[in-house]
Amino acid sequence: MDVNQHNRRAWDREVQRDNPWSIPCDEKTIAAAREGDWQVVLTPTKPVPQEWFGDVTGKAVLCLASGGGQQGPILAAAGARVTVLDQSPAMLAQDSLVAAREGLDIETVEGDMAKLSMFRANSFDLIFHPVSNCFVPDVRAVWKEAHRVLKTGGALLAGFANPALYLIDRDDELAGELRFTHSIPYSDVEDLPPERLKALIADEQPLEWSHTLEDQIAGQLDAGFTLTGFYEDYHPGTPLAGFMPTMIATRSIKGKRKK
């Protein structure tokens, strides 16, 4: 099975299901952003600190695996030159919808977050990467490619799940039960019973991977980034969120990649 192709179709389906990350921002939000009043999220609920961005006016911004008509249009309305990359055509269509509605110049590119060969090295001033690398098996490839296409001194803003979130089976999570079932790192493809995996695929549910904190954070450092910001957030409605933060956001600056 081609996992990337499956997740591409699954996220097209998530748009039809009104996944919260796929609902385009409204006219009022864009109007406020044009006036300098804006905020975006890397994780479910906590806005990214404005100081993590600096002045985005005229900056080349890559919204990495960030389709859905939310972050890209807001950053474009705030004055950035925005490119949105996503593997789901339906998610990208949401950005195009807002761009056409609001007269925004946004480039949309269909592609894999871990394979950015369509972009030259040192192309972007900032990369905005909200929670999405749980849909790829190798997160270190994402960090390496982000480092390559980012200008030296540019910032990578990333959101991702605390791997502890994957200790709980998704069926238990939906039922609101707190029961540790899986070990970390976790993979839907490798760790679910075959019949469960088959059912997820048949229902066109996105397939997920946890990644260790070593791969999420040390992976950025090993790619050549310097960590300059960090905060935690919660995923509402998940049992573990009643006991600990379940989401993480980082800000990292590009330096030279280690040999």
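Further up the page is the structure itself.
The sections below set out a description of the structure shown in this document.

### Details of the environment of glutamate 14
Within the secondary structure, glutamate 14 sits in helix H1 (residues 3-16). You can call glutamate 14 buried: its relative accessible area is 10%. Considering only alpha carbons, one finds glutamate 14 and alanine 90, 76 residues apart in sequence, at a separation of 8.8 Å. When residues no more than four places from it in sequence are discounted, the contact partners of glutamate 14 are Asn19, Ser22, Gln205 and Pro206.

### Side note on helix H5 (residues 139-149)
Of the positions making up H5, those classed as buried are Val139, Val142, Trp143, Glu145, Ala146, His147 and Val149. The opening residue of H5, the one whose side-chain oxygen lies 3.2 Å from the backbone nitrogen of arginine 140, is aspartate 138.

### Let's talk about the nonpolar core
Of all hydrophobic cores here, the largest spans 32 residues; its most connected members are Trp38, Phe53, Leu75, Val82, Phe128 and Leu157. At the level of elements, helix H2 (27-34), strand S1 (60-64), helix H3 (71-77), strand S2 (81-86), helix H4 (89-102), strand S4 (124-129), strand S5 (150-161) and strand S7 (247-254) are the ones that each hand at least two residues to this core. For tryptophan 38, the contacting residues outside a window of four places in its chain are Ala33, Gln50, Phe53, Val56, Ile74, Leu75 and Ala78. Ala65, Val109, Ala114 and Phe119 belong to the second-largest nonpolar core, a separate cluster that totals 23 residues.

### Quick look at the side chain of histidine 129
Examined against the element boundaries, histidine 129 turns out to sit in strand S4. Given a relative accessible area of 0%, histidine 129 falls into the buried group. Contacts of histidine 129, omitting those with residues within four sequence positions, involve Leu42, Leu64, Ala65, Met113, Val142, Trp143, Leu156, Leu157, Ala158 and Gly159.

### Some thoughts on the sheet that holds S4
Strand order in this open sheet of seven strands is S3-S2-S1-S4-S5-S7-S6, and the pairing throughout is mixed. Two strands bound the open sheet, and with one partner strand each, they are strand S3 (106-110) and strand S6 (225-233). Taking each pair of neighbouring strands and ignoring which way they run, the sheet shows an average axis angle of 15°. Where S5 lies against S7, seven bridges are found, and the strand directions are antiparallel. Across the sheet, residue leucine 157 finds its bridge partner in S7, namely arginine 251. Packed on one face of the sheet, H4 meets S2 and S3 and runs near 170° to S3.

### Overview of the packing of H5 against helix H9 (residues 213-223)
Two quantities define a packed helix pair, namely the angle between the helix axes and the distance between the axes. Running from N to C, H5 and H9 cross one another at 30°; their axes reach a closest spacing of 9 Å. Our classification of the angle between H5 and H9 gives roughly parallel. Crossing of H5 over H9 shows right-handed handedness. Contacts between H5 and H9 involve Val139, Arg140, Trp143, Lys144 and His147 from the former and Glu214, Asp215, Gln216, Ala218, Gly219, Gln220, Asp222 and Ala223 from the latter. Of the residues belonging to the contact of H5 with H9, the class tally is four nonpolar, four polar and five charged.

### A closer look at the packing of H1 against H4
Taken N-terminus to C-terminus, the directions of H1 and H4 make an angle of 45°; their axes are 7 Å apart at the nearest point. When the axes of H1 and H4 are compared, the pair comes out oblique. Here Arg8, Trp11, Asp12 and Val15 of H1 come into contact with H4, specifically with Pro89, Ala90, Met91 and Gln94. Among the residues forming the contact of H1 with H4, the class breakdown is five nonpolar, one polar and two charged.

### Here's the deal with the environment of histidine 182
Position of histidine 182 relative to the elements: it lies in the loop between helix H6 (170-174) and helix H7 (188-191). A relative accessible area of 14% places histidine 182 in the buried class. As a C-alpha pair, histidine 182 and leucine 165 span 17 residues in sequence and 9.9 Å in three-dimensional space. Sequence-distant contacts of histidine 182, that is, excluding residues within four places in its chain, are made with Tyr166, Leu167, Ile168, Asp169 and Leu192. At 3.0 Å, the side chain of histidine 182 and the side chain of aspartate 169 are in polar contact.

Definitions and limits used
- Here, residues in each chain are numbered from 1, in the same order as that chain's written sequence.
- Since the coordinates come from a predicted model, pLDDT governs what is reported: local features require at least 70, and pairs of side-chain atoms require 80 or more to be given and counted, while whole-chain, interface and lining totals use all residues.
- To get the side-chain values, take all heavy atoms of the structure and skip hydrogens and water.
- A helix here means a DSSP run of H or I that spans at least four residues, while a strand means a run of E at least two residues long, and both kinds are numbered starting from the N terminus.
- Under the scheme applied here, a residue whose accessible area is under 20% of the maximum for its type counts as buried, over 50% as exposed, and between as partly exposed, the area being computed with a 1.4 Å probe on protein chains only.
- What makes two residues a contact is simply this: any of their non-hydrogen atoms within 4.5 Å.
- Two N or O atoms count as a polar contact when they lie within 3.5 Å, although within protein this holds only if one can serve as hydrogen donor and the other as acceptor, and sequence-adjacent residues are included solely when both atoms are side-chain atoms.
- Only buried residues count toward a nonpolar core. Its members are Ala, Val, Leu, Ile, Met, Phe, Trp, Tyr and Cys residues joined through side-chain atoms within 4.5 Å.
- Each pair of strands is called paired provided DSSP finds at least two bridges between the two strands.
- For helices, the fitted axis covers only the stretch in contact; all axes are lines through C-alpha atoms, and the angles between them, taken along N-to-C directions, range from 0 to 180 degrees.
- To sort the angles, those under 35 degrees are grouped as roughly parallel, those over 145 as roughly antiparallel, those from 65 to 115 as roughly perpendicular, and the leftovers as oblique.
- The sense of a crossing depends on the near helix, which, turned anticlockwise from the far helix by less than a right angle, makes the crossing left-handed and, turned clockwise, makes it right-handed.
- As a working rule, the residues Ala, Val, Leu, Ile, Met, Phe, Trp, Tyr, Cys and Pro are called nonpolar, Asp, Glu, Lys and Arg charged, and the rest polar, with Gly in that last group.

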